[in-house]
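Coordinates in review
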Amino acid sequence: MPETLPGPVRRRTFLAYCGSLGLGSTLFPGVLWAHSGGSPESVTSEMIDQAARLAGLQFSAGEREAMLETLQGNLELFRELREIHIDQNVAPPLHFNPMVPGQRLEEERKPFRPSPLPDVQRPPDLEEVAFWPVTHLGALIFRRQATSVELTRMYLGRLRRFDPVLECVVTFTEDLAMEEAERADAELAAGRYRGPLHGIPWGAKDILAKRGYPTTWGSEAYRDQVLDYDATVVQRLREAGAVLIAKLSTGEMARGDRWFGGRRTRNPWNPAQGSGGSSAGPGAATAAGLVGFSIGTETLGSILGPSRTCGITGLRPTFGVVSRHGAMPMSWSLDKVGPMCRSVEDCALVLDAIRGPDLLDLAVVDRPFNWDAGLPLSGLRVGYLVEAFEAEPRGGNGAATRAAQAARANDRATLEVLRELGVELRPFTLPEDAGMDALQTLLVDEAAAFDELIQTGRVDLLIQDREDPEGMLMRVARLFPGVEYVQMHRRRALLMRRMAEAMGDLHVYVAPHGGSPNTSANNLTGHPGVSVPNGFAPDGTPTGIQFIGRLYGEAEMLRLAKAFQDATGFHLRRPPL
């Protein structure tokens, strides 16, 4: 190893190489380094043996000699690899596919059939439409009762008025918004109508790139980052005529609801609470009537979680339905992009605009999305996650227990509503290994994507690194054994097969939030899900229910969720801002 390398870099290189050999426990490489005096050339067979014993490993003399030779001959290769700049958007050439062997999917493509445009009337005060769903806002524009410029100014005004309370805006894109709104109005006047999102103001989670504006990923380390391209979803929504009015907050590095500057995005129903996940800004802004709709992302719950907390409708599409190009990568086999709206049909409209291949995210596939808002529920085969509905809420303080009990009561009431709609519910049980840990898969991918952040020491800028023990996890992931990483994905493949067997011929199943490994399992298997409000807790905050579809079965899943939503009307309630 060249003498010019500083000690910390040499140590990191050595430890990473041990990990590549499958020896990356947090104990063995560190002990071996200490025994070597910080110089791999001085490592002896006896030192390896001593360090291995402390780590619970055992190697023969021949194996130790072979390791010595390899360690001494290959460290330069790893040093050179770390000197290569690899942009975060460069994904490994290994693309996750949620399909399992022998699985067959519907291939027929049918026309997209939304509900007829509603008969709407412009109220005297335009701000009264702030909570209208996209279906109604679109009708207002199409019937020339309001212009996109008017709606854009109204929503920008609400964002500025309520952001000091909710802390949901990172960057206003006002100049861009007015340009796009004026274009939408001019096109409509000229007879060009782009569809149901024409002229609708929306907000993007701030891990989605927009050329000319900061994309901060919620972190001080990237606060001044400006990317010279648009995320695919941003480009597609522009093509659909939608108007981007703000970059909305994300929890730092797509974790939680806290972001740089000590900010925390708040729940509009109770600003003393956070908004419940990294798609924090989209959840809060949509619930508070500050945008027409928003776009969030999910790796392990960050669309459905904030949607439940904020009382909105959030759709996590099947993995590979929507391109992640231009979105901050967290885990290449888990990340998904989806709409966060005020109604189920809004989610269908937005999904139809953003889905499909773009030749940039090679994990994306072209599958039919046969949405027909007028189809009845007959023919849908529906299950319910029986153990989660039967489980009683656990412990906690008095208020937390009451909230959990209310949520479970609302969950059970959801099943009764579905039965009243004529749905025959079948008991459904998750596979036994549904609780497998998804975190390590995420962390290894994340450590690779942000290797430069770790190597340069800029990881110290992260709030989670300073205040949360989990902030060390990206560092720990550097020592996760490569063999075990592959084995975890092979175990994941078994879970995918067992989930396919468990779902059988079901189109969709119903599941509570929490109380089971459902969310983690669905993200590992790539299944779609939608969260809709199903009632309220004693403190007035919303509760929610999940509908989980089969792979690429968004249309059937959303059909059931829409029927429930139309029958209950919980989504029409407004937070008391």
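Here we summarise the structure given alongside this text. (Residues numbered from 1 in each chain as written. Predicted model: local features only at pLDDT ≥ 70, side-chain atom pairs only at ≥ 80, totals over all residues. Heavy atoms only, no water.)

What about the overall build of the chain?
Note the cut-off: Helix and strand definitions follow DSSP, with helices as H or I runs of at least four residues and strands as E runs of at least two, each counted in order from the N terminus. Between buried and exposed lies partly exposed: a residue is buried under 20% and exposed over 50% of the maximum accessible area for its type, with that area taken using a 1.4 Å probe on protein chains only. Contacts are assigned to residue pairs with any non-hydrogen atoms lying within 4.5 Å of each other. Reported accessibility uses the Shrake-Rupley method at a 1.4 Å probe radius. Residues are deemed covered only where the shown protein chains occlude them.
Secondary structure summary: the chain contains 20 helices and 15 strands in total. Considering the chain as a whole, with its 577 residues, one finds that 57% of them fall into the buried category. Pairs at least 24 apart in sequence give 75% of the contacts found in the chain among residues at least 6 apart. Only carbon and sulfur atoms are counted for the fraction: they give 52% of the accessible area of the chain, which is about 23,400 Å².

Brief notes about the environment of Thr 173
Note the cut-off: Think of a polar contact as two N or O atoms within 3.5 Å of one another; within protein, one of them needs to be a possible hydrogen donor and the other a possible acceptor, and neighboring residues in sequence only count if both atoms come from side chains.
Within the fold, Thr 173 resides in the loop between strand S1 (169–172) and helix H7 (174–189). Separated by 71 residues in sequence, Thr 173 and Leu 244 place their C-alpha atoms 6.9 Å apart. Each residue touching Thr 173, except ones within four places of it in the same chain, is listed here: Tyr 213, Leu 244, Ile 245, Ala 246 and Lys 247. Within the structure, the side chain of Thr 173 is placed 2.9 Å from the backbone oxygen of Leu 244, a separation counted as a polar contact.

A word on the packing of aromatic side chains
For clarity, the threshold we go by: Each pair of aromatic rings taken from Phe, Tyr and Trp, with Trp reduced to its six-membered ring, is defined by centres within 6.5 Å and is described as stacked if the planes are under 30 degrees apart, edge-to-face if over 60, and tilted in the remaining cases.
Under the counting rule described, the total for this entry stands at 13 aromatic pairs. Relative to Phe 293, the ring of Trp 202 has its centre 5.9 Å away and its plane inclined at 5 degrees; by these criteria the two rings are stacked. Here the residue Trp 202 occupies a position in strand S2 (residues 201–205), and Phe 293 occupies one in strand S8 (residues 293–298), the gap between them amounting to 91 residues. Each member of the pair, Trp 202 as well as Phe 293, is classed as buried. Ring geometry for Tyr 384 versus Phe 389: centroids 6.0 Å apart, planes at 65 degrees, classification edge-to-face. For the pair Tyr 384 and Phe 389, a shared accessibility class is recorded, and that class is buried. Of the aromatic side chains, those joined through ring pairs into one cluster are Trp 217, Tyr 222 and Phe 450.

Examining the sheet that holds S2
Hydrogen bonds along the backbone pair up the strands of a sheet, which may run parallel or antiparallel. Counted only if it meets this: For two strands to be treated as a pair, DSSP must find at least two bridges joining them. Throughout, an axis means a line fitted to C-alpha atoms (over the contacting stretch in the case of helices), and angles, computed between N-to-C directions, take values from 0 to 180 degrees.
Taking strand neighbours across the sheet as the criterion, the 11 strands line up as S1-S3-S2-S8-S10-S9-S14-S15-S13-S11-S12 in an open arrangement whose pairing is mixed. Of all strands in the sheet, those with a lone pairing partner are S1 and strand S12 (425–428), marking the two edges. Neighbouring strand axes in the sheet, compared pairwise and without regard to direction, differ in orientation by 30 degrees on average. Of the pairings in the sheet, the one linking strand S9 (residues 313–316) to strand S14 (residues 529–536) comprises three bridges and is antiparallel in character. Pairing of Leu 315 across the sheet is with Val 530, part of S14. Here helix H19 (residues 518–525) sits on the sheet in contact with S8, S9, strand S10 (336–341), strand S11 (382–385), strand S13 (508–512) and strand S15 (542–549), set at roughly 35 degrees to S15.

Focus on the nonpolar core
Grouped burial of nonpolar side chains is what soluble globular proteins tend to show. Put simply, the rule is: Side-chain atoms within 4.5 Å link the members of a nonpolar core, which is a set of buried Ala, Val, Leu, Ile, Met, Phe, Trp, Tyr and Cys residues.
The biggest cluster of nonpolar side chains holds 93 residues, and the ones touching the most others in it are Phe 293 and Phe 547. Per-element tally for this core: the top contributor is helix H6 (residues 148–166), with eight residues. Leave out the neighbours within four places in its chain, and Phe 547 touches Leu 418, Val 508, Tyr 509, Val 510, Pro 528, Gly 529, Val 530, Val 532, Met 557, Leu 560, Ala 561 and Phe 564. Counting 39 residues, the second largest nonpolar core, distinct from the first, contains Met 328, Phe 428, Ala 449 and Tyr 509.

Let's talk about H7
Our working definition: One less than the residue count of a helix, multiplied by 1.5 Å, gives the span that helix is expected to have.
Its 16 residues give H7 an end-to-end C-alpha distance of 22 Å, which sits within 8% of 22 Å, the value for a rise of 1.5 Å per residue. Every buried residue belonging to H7 is among Leu 176, Ala 177, Met 178, Glu 180, Ala 181, Ala 184, Asp 185, Glu 187 and Leu 188, and all of these are buried. Those residues of H7 hidden inside the fold are in contact with helix H5 (134–142), H6, helix H8 (232–239) and strand S3 (243–248). Following H7 by one or two positions, Gly 191 adopts a phi angle in the positive range, close to 90 degrees.

Overview of the packing of helix H11 (residues 344–354) against helix H20 (residues 554–568)
Rules: Here roughly perpendicular refers to angles of 65 to 115 degrees, roughly parallel to angles under 35, roughly antiparallel to angles over 145, and oblique to all remaining angles. When residues are grouped by polarity, Ala, Val, Leu, Ile, Met, Phe, Trp, Tyr, Cys and Pro land in nonpolar, Asp, Glu, Lys and Arg in charged, and all others, Gly among them, in polar.
Relative orientation of the contacting elements H11 and H20 amounts to 155 degrees, with a least axis distance of 8 Å. The orientation of H11 relative to H20 falls into the category roughly antiparallel. Across from Val 344, Glu 345, Ala 348 and Leu 351 in H11, the residues of H20 making contact are Glu 554, Leu 558, Ala 561, Lys 562 and Gln 565. The residue makeup of the contact of H11 with H20, split by class, is five nonpolar, one polar and three charged.

Quick notes on H11
Burial of H11 is extensive: nine of the 11 residues sit out of reach of the surface. Taken residue by residue, H11 has Val 344, Glu 345, Asp 346, Cys 347, Ala 348, Leu 349, Val 350, Leu 351 and Ile 354 as its buried positions. Between a side-chain oxygen at the N-terminus of H11 and the backbone nitrogen of Asp 346 the separation is 3.1 Å; the capping residue is Ser 343.

Thoughts on the side chain of Asp 358
In plain terms, the rule: Only four residue types enter the charge count, namely Lys and Arg as positive and Asp and Glu as negative; His and the chain termini do not. Here, a salt bridge means any Lys or Arg side-chain nitrogen found within 4 Å of an Asp or Glu carboxyl oxygen.
Assignment of secondary structure puts Asp 358 in the loop between H11 and S11. Buried within the structure, Asp 358 lacks any salt-bridge partner; Arg 236 is the closest side chain of opposite charge, at an N-O distance of 5.4 Å. Among the polar contacts made by the side chain of Asp 358, one reaches the side chain of Thr 232 at a distance of 2.5 Å. A polar contact is formed between the side chain of Asp 358 and the backbone nitrogen of Leu 360, at a distance of 2.9 Å. Each residue touching Asp 358, except ones within four places of it in the same chain, is listed here: Thr 232, Arg 236, Ser 323 and His 325.

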